[in-house]
Amino acid sequence: MNSDKITKGVLLLSSFIILLVAGGMIYSLVQGSVPAFKNFGFKFIYSNIWNPTDGKENYGALPFIAGTIVTSIAALLISLPLSFSASLFLGEYYRGTKMAKVLGTMVDLLAGIPSIVYGLWGFYVLRPVLISFGLPNQGFGVFTASLILAIMIIPYATSLSNEIISMVPNELKEAAYSLGATKSEVIFNVVVPTARSGIIAGYILSFGRALGETMAVTMLIGNANIIPNSFFSTGNTMASVIANQFGEAEGLKLSSLIAIGLLLFLITGIINAIGKFIIKKMS
Amino acid sequence: MKNLAIIILAIFVLSACSNSGKNAKEKSASSSKVTLTAAGATFPMPYYNMVFKAYTSETGTLLTYGGIGSGGGIRSLTDKVVDFGATDAYLNDEKLAEMPADVVHIPTVLGAVVIAYNLPGVEGLKLSNELLEKIFMGEITKWNDSQIAANNSGLSLPDKDIAVIHRSDGSGTTYIFSDYMSKISSKWADEVGKGKALQWPTGMGAKGNPGVAGTIKQTEGAIGYIGSEYAFAQKIQTALVQNSSGNYIEPSIASVSAAAKGEIPADTRVMLTNSDDPEAYPISGFTWIILYKDQNYNGRSKEQAMGTVQFLDWLVSAEAQGQAEKVHYAPLPDAAATKAKAILRSVKYGNEALLN
């Protein structure tokens, strides 16, 4: 057998394994959530009751879907100006300087901090600060969770956009300069439009991370199974309710938690598909 | 080069350690053939860890316990992968009927659920049944509410919001607490009910006893419920709770133990909350070990069956019970221990009795 065939075989096998794992996961999620959907039908998605009490069992995922989407969108909006400026700073204005190197390292460092540490920091440091600003509910809630999520996704959005911005060809920028454009004109008329699809892809990836984030959110959102009625209200997210409740769950409750997992999987899939579509349209 | 030498040395030392560990295991296994496997509730784990270890060093019987939750304990026994399971909530008649064979309950120790709060300078807060209901249903929202003040003359209560903290994960602690609340308040029983997880009318959730305790500690004006074994070990400030005789009782080893002094059924399947005993702390409960009544299943040997019941007989004996207090659990009162021993004597291997 020649080396070409061996390589081909190994590659085929490993891709097949990945396919098998992904397929198996989807299958078990669907299979596990059948009892929940059989019992509650589509109402499972839009009902806001989550009552695990024996004899009165009734489950609906809306509070968690709402909590997940609200915190993730808020986190994206909060992180947007910060990470966008940071990526321009790193990739264009101060590119290659010592300052940029230090800042770049700090951003990478932020990306490496485990989520539980963000949660601890939020619980013991950020929350007391917010309470002193008069935040209700002892500082727990959607706002605090979004803030932590925003800090957590900044490094992702920043380094991805930074990478794309640095890849904009110098010829383009030099051409603009030679026409008499100022630095900011070059950035907003040449660099950003050229890097647009990559930057958006970076934010979509960050959004995906915010959707699935569990530990830090659990520690700060207040874990109240209600639809948040204000930005400062307590709430719960899909990932967090699964992490909290699966331990002692059985029967219908376990199936409902798996169904929430399936919904989260679908939402993430849809977001990714939208992202790909946008990138395709723009480039 | 130097680093390499250190690494090689470290590997040698480590492998030597693991070898000697293996030898020790083999030795004790040869002196006694029985190895018992158990899994279940996390609430009694500190106690089980301590006494299981003591029993192993005394008799050579190897014991392993997996703290996987009460639900997991019941599942493991159903699947017959353990010698006995452990649970904080007894199996009701319906669940007993679902088990593949007859199952018996052995109470092993008592624990309680304490009401912890964070109000600096306010000690010995007294909570009547009515106050407990109204606070945890979100009807009283301020600490200086006249209803709390009327029940606590002499305490200066601040003008602060009450922050109710409950468990966000499913838990036997929540089960005992909600069982008690359902007994003292018909409104709670109707609107909330009892279970390992609830639809909470107010408040916010934190994960595990450490999560609830930590949140209360961090939050002035917070109130919540915590497993006594954790609260006693951490010396957390707790409220006095009114029992069925109208007395305000501080949670302690003695007052928790007193909850099991009254009449208990022969199979010990009973929730001890709201006990009749005038000295009893009302939010107390047993934790149980569950095993099959006929130990001859799945091809288990008679030695294995004998080892199981002998160990459990020791677990409810004065020797093991005397150690419960060290890890902040309340020992079984004599009457309960006698009932547990009687149940163990009904456990058989085929038709043969195992203990006499």
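The numbering scheme is per chain: residues are counted from 1 as the chain's sequence reads. All chains are assigned letters beginning with A, and all ligands numbers beginning with 1, in the order in which they are written. Thresholds applied to this predicted model are a pLDDT of at least 70 for local features of residues and 80 or more for the giving and counting of side-chain atom pairs; totals over whole chains, interfaces and linings are not thresholded and use all residues.

Colleague: Mind showing me how you'd approach the domain arrangement of chain B here?
Modeller: Put simply, an interface is often sized by how much accessible area is lost when its parts join up. Residues and elements named next belong to chain B. Domain delimitation follows an automatic or database domain assignment. The assigned domain composition of chain B is domain 1 (35-110 + 285-353) and domain 2 (112-261 + 271-281). Here the contact rule is simple: place C-beta atoms from the backbone, and any two residues whose C-beta atoms are within 7 Å are in contact. On the side of domain 2, 18 residues touch domain 1, which itself brings 18 residues to the contact. Taken together, the residues that form the side of domain 1 that touches domain 2 break down as 13 nonpolar, three polar and two charged. Three classes are used, and their members are as follows: Ala, Val, Leu, Ile, Met, Phe, Trp, Tyr, Cys and Pro are nonpolar, Asp, Glu, Lys and Arg are charged, and the others, Gly among them, are polar.

Colleague: What should I look at first to understand the sheet that holds strand S9 (residues 240-242) of chain B in this one?
Modeller: What links the strands of a sheet is backbone hydrogen bonding, and the strands pair in either a parallel or an antiparallel sense. Residues and elements named next belong to chain B. Strands are labelled as partners when DSSP assigns at least two bridges between them. Numbering of helices and strands runs from the N terminus, with a helix taken as a DSSP run of H or I at least four residues long and a strand as a DSSP run of E at least two residues long. Taken together, the three strands give an open sheet; going across it, the order is S5-S9-S10, and neighbouring strands pair in mixed fashion. Each of the sheet's edge strands pairs with one partner strand only, and the pair in question is strand S5 (126-127) and strand S10 (248-249). As defined by bridge partners, S9 adjoins S10 across two bridges and the pair is classed as antiparallel. For Val241, the partnering residue across the bridge sits in S10 and is Ile249.

Colleague: Help me understand helix H14 (residues 334-345) of chain B, please; the structure alone is not making it clear to me.
Modeller: Side chains of residues three or four places apart in an α-helix project in the same direction, reflecting 3.6 residues per turn. Residues and elements named next belong to chain B. An ideal rise of 1.5 Å per residue puts 16 Å on 12 residues; H14 measures up with 17 Å between its terminal C-alpha atoms. Each residue is classed by its C-beta neighbour count within 10 Å, where at least 20 other C-beta atoms makes it buried, 12 or fewer makes it exposed, and intermediate counts make it partly exposed; the C-beta atoms are placed from backbone geometry. For H14, the full list of buried residues reads Ala336, Ala337, Lys339, Ala340, Ile343 and Leu344. One face of H14 carries all of its buried residues, which in axial projection span an arc of 160 degrees. Facing away from the buried side of H14 by more than 90 degrees, the exposed set consists of Asp334, Thr338 and Ala342. Residue count minus one, scaled by 1.5 Å, sets the expected span of a helix. An arc is given here, and it is the one of the directions from the helix axis to the C-beta atoms.

Colleague: Whenever I open this one, the pairing of strand S2 (residues 62-67) of chain B confuses me. Can you help?
Modeller: Two faces, one strand: in a regular strand the side chains alternate between the faces of the sheet. All names here are of chain B. Here strand S1 (residues 35-40) runs beside S2; their pairing, made up of six bridges, is parallel. Of the residues in S2, the one forming a bridge with Thr35 is Leu62. Look down the strands so they point away from you; if going from the first strand over the helix to the second traces a clockwise path, that crossover is right-handed. In this fold, S1 hands off to helix H2 (residues 45-59), which returns the chain to S2; that crossover is right-handed.

Colleague: Can you help me understand the interface of chain B and chain A in this one?
Modeller: Contacts between the two partners involve 22 residues from chain B and, on the opposite side, 20 residues from chain A. When residues of the side of chain B that touches chain A are traced back to their parent elements, those giving at least two are helix H3 (70-78) and strand S7 (204-206) of chain B. Counting residues per element, the side of chain B that touches chain A draws most heavily on S7(B), at three residues. For the side of chain B that touches chain A, the per-class residue count stands at seven nonpolar, 11 polar and four charged.

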